[in-house]
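Residue strings, one per chain:
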Amino acid sequence: MNSFRISHLSDLHLTAKDNAARSEPKLFGALTGMNANFRKIVASRAIQESDLVLVTGDVTDRGDIDTWKFFWDTVEKANIKDRVRVVPGNHDVCCLGARLPKTGKQYREEDMAKAHKGLLMGGQPTKFPWAYSPDPRVVVFGLNSNNLGNFTAATNAMGDIGYYQLKDLASLLYKHREVPVKIIAMHHSPNIPEEKTAIKRGQRPFSQLDRIGHQVPESQRRMLNLLCVTHKVRLLLHGHLHMSEDRRITGVRYIGAAASTAPQHSPKGPILQFPTYQVSTRTHRVFCNSALVPI
Ligand SMILES: [Fe+2]
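If you check an unreviewed UniProt entry, the protein chain appears there as 3',5'-cyclic adenosine monophosphate phosphodiesterase CpdA from Sideroxyarcus emersonii. Per UniProt, the protein chain carries the Sequence similarities (unreviewed entry) text "Belongs to the cyclic nucleotide phosphodiesterase class-III family."

Asks: Would you take a moment to explain the packing of aromatic side chains for this structure?
Replies: The relative placement of two aromatic rings is captured by the distance of their centres and the angle of their planes. Tallied over the entire structure, the rule returns four aromatic pairs. Ring plane angle 25° and centroid distance 5.5 Å describe the contact between Phe38 and Phe71, whose orientation is recorded as stacked. Taken together, the residues span a long stretch of sequence, with Phe38 in helix H1 (residues 34–43) and Phe71 in helix H3 (residues 65–77) at a distance of 33 residues. Accessibility assignment for this pair places Phe38 and Phe71 in one class, buried. Between the aromatic rings of Tyr163 and Tyr164, the centroid separation amounts to 5.1 Å while the plane-to-plane angle is 75°, which identifies the pairing as edge-to-face. Of the aromatic side chains, those joined through ring pairs into one cluster are Phe38, Trp68, Phe71 and Trp72. Sitting over the face of the ring of Tyr132, Arg85 holds its NZ or CZ atom 3.8 Å from the ring centroid. The residue whose ring lies beneath Arg177 is Tyr174, and the NZ or CZ to ring-centre distance is 4.1 Å.

Asks: Sorry if this is basic, but what is going on with the packing of helix H6 (residues 163–175) against helix H9 (residues 218–230) here?
Replies: The packing of two helices is summarised by the inter-axis angle and the distance between the axes. It is the contact of H6 with H9, at a shortest axis distance of 11 Å, that shows an interaxial angle of 0°. As judged from the angle between their axes, H6 and H9 are roughly parallel. Every residue of H9 that contacts H6 at Tyr163, Leu166, Leu169, Ala170 and Leu173 is listed here: Gln220, Met223, Leu224 and Leu227. Of the residues contributing to the contact of H6 with H9, the split by class is eight nonpolar, one polar and no charged.

Asks: For this particular structure, what's the right way to read the pairing of strand E3 (residues 84–87)?
Replies: Side-chain direction in a regular strand flips from residue to residue, so the side chains alternate between the two faces of the sheet. The alternating pattern of E3 places Val84 and Val86 and Arg85 and Val87 on opposite faces, both of which are buried. Two strands pair when backbone bridges link them, and strand E2 (residues 52–56) and E3 are joined in this way by four bridges, in the parallel orientation. From the neighbouring strand, Leu54 faces E3, where its bridge partner is Arg85. Read from E2 through H3 to E3, the crossover connection turns out right-handed.

Analysis parameters
- Residues numbered from 1 in each chain as written.
- Predicted model: local features only at pLDDT ≥ 70, side-chain atom pairs only at ≥ 80, totals over all residues.
- Heavy atoms only, no water.
- UniProt positions renumbered as here; feature names shortened; annotations may be inferred.
- Phe/Tyr/Trp six-rings, centres within 6.5 Å; stacked < 30°, edge-to-face > 60°.
- Helix = DSSP H or I, 4+ residues; strand = E, 2+ residues; numbered from the N terminus.
- Buried < 20%, exposed > 50% of the residue type's maximum accessible area, 1.4 Å probe, protein only.
- Lys NZ or Arg CZ within 6 Å of the ring centre and 35° of its normal.
- Axes fitted to C-alpha atoms, helices over the stretch in contact; angles between N-to-C directions.
- Parallel < 35°, antiparallel > 145°, perpendicular 65-115°, else oblique.
- Contact = heavy atoms within 4.5 Å.
- Nonpolar A, V, L, I, M, F, W, Y, C, P; charged D, E, K, R; others polar.
- Pairing = 2+ DSSP bridges.
- Right-handed = clockwise from strand over helix to strand, strands pointing away.

Below, the structure is given as structure tokens:
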């Protein structure tokens, strides 16, 4: 049986101008060169040989339309546009500075309209959740996990899936119940461990404040995990925390991607580590396992 290869990219933080810096909270040494690295990534063999390229948000650093245009132009030049699926991240939709309160609903609509323009440019779905089945063996469910309508930078990175989106996800999961490999793609991590667990996993621990600032509300995380368990979701892919993670939560595999355009540290100095081998090879193994399921 032919394999089906998925590449998972995340947190590209592209900018309209090539030399612009990433808007990260660093006084000195904010990252630059994301656009150049992205050009290298899309030209790489791993991407060129992928059947599907999933981007789990923060395509843009500031959510502007010129950057979306750069993204889609680059993807088109690399001849992979029809294989790319995108879910938005907080940098694509949320307010990264501060704004005066008006009615939250108005801001929610404005925030979403911004991302819709960028998604539509690449022919992407703009209603969430969506389901996309590029192969009879695989279906991907895309969620919008962003805290739309936020007022300040303190709340822009929080997650929010919402009850109605989860309810619609439940219907979509049921509708695609015969597809053996079900994958959920979203920007936020639905599992940011407490300090003790992070240390046990060998990860950088998040402070309580950091967890609150990046977390999906507990009731929504639990509901999502329950849906994954009951509908036999094999894999949940996310980004947001800019670190590579691979763990199982009540039997469901959760994989987080590092920021794909950020060089990783190595003994020889910083390198553009693409693919993030841990993610790529292990994801591949999930699909090998799917061959055991009669279809
Ligand atoms: Fe990010």
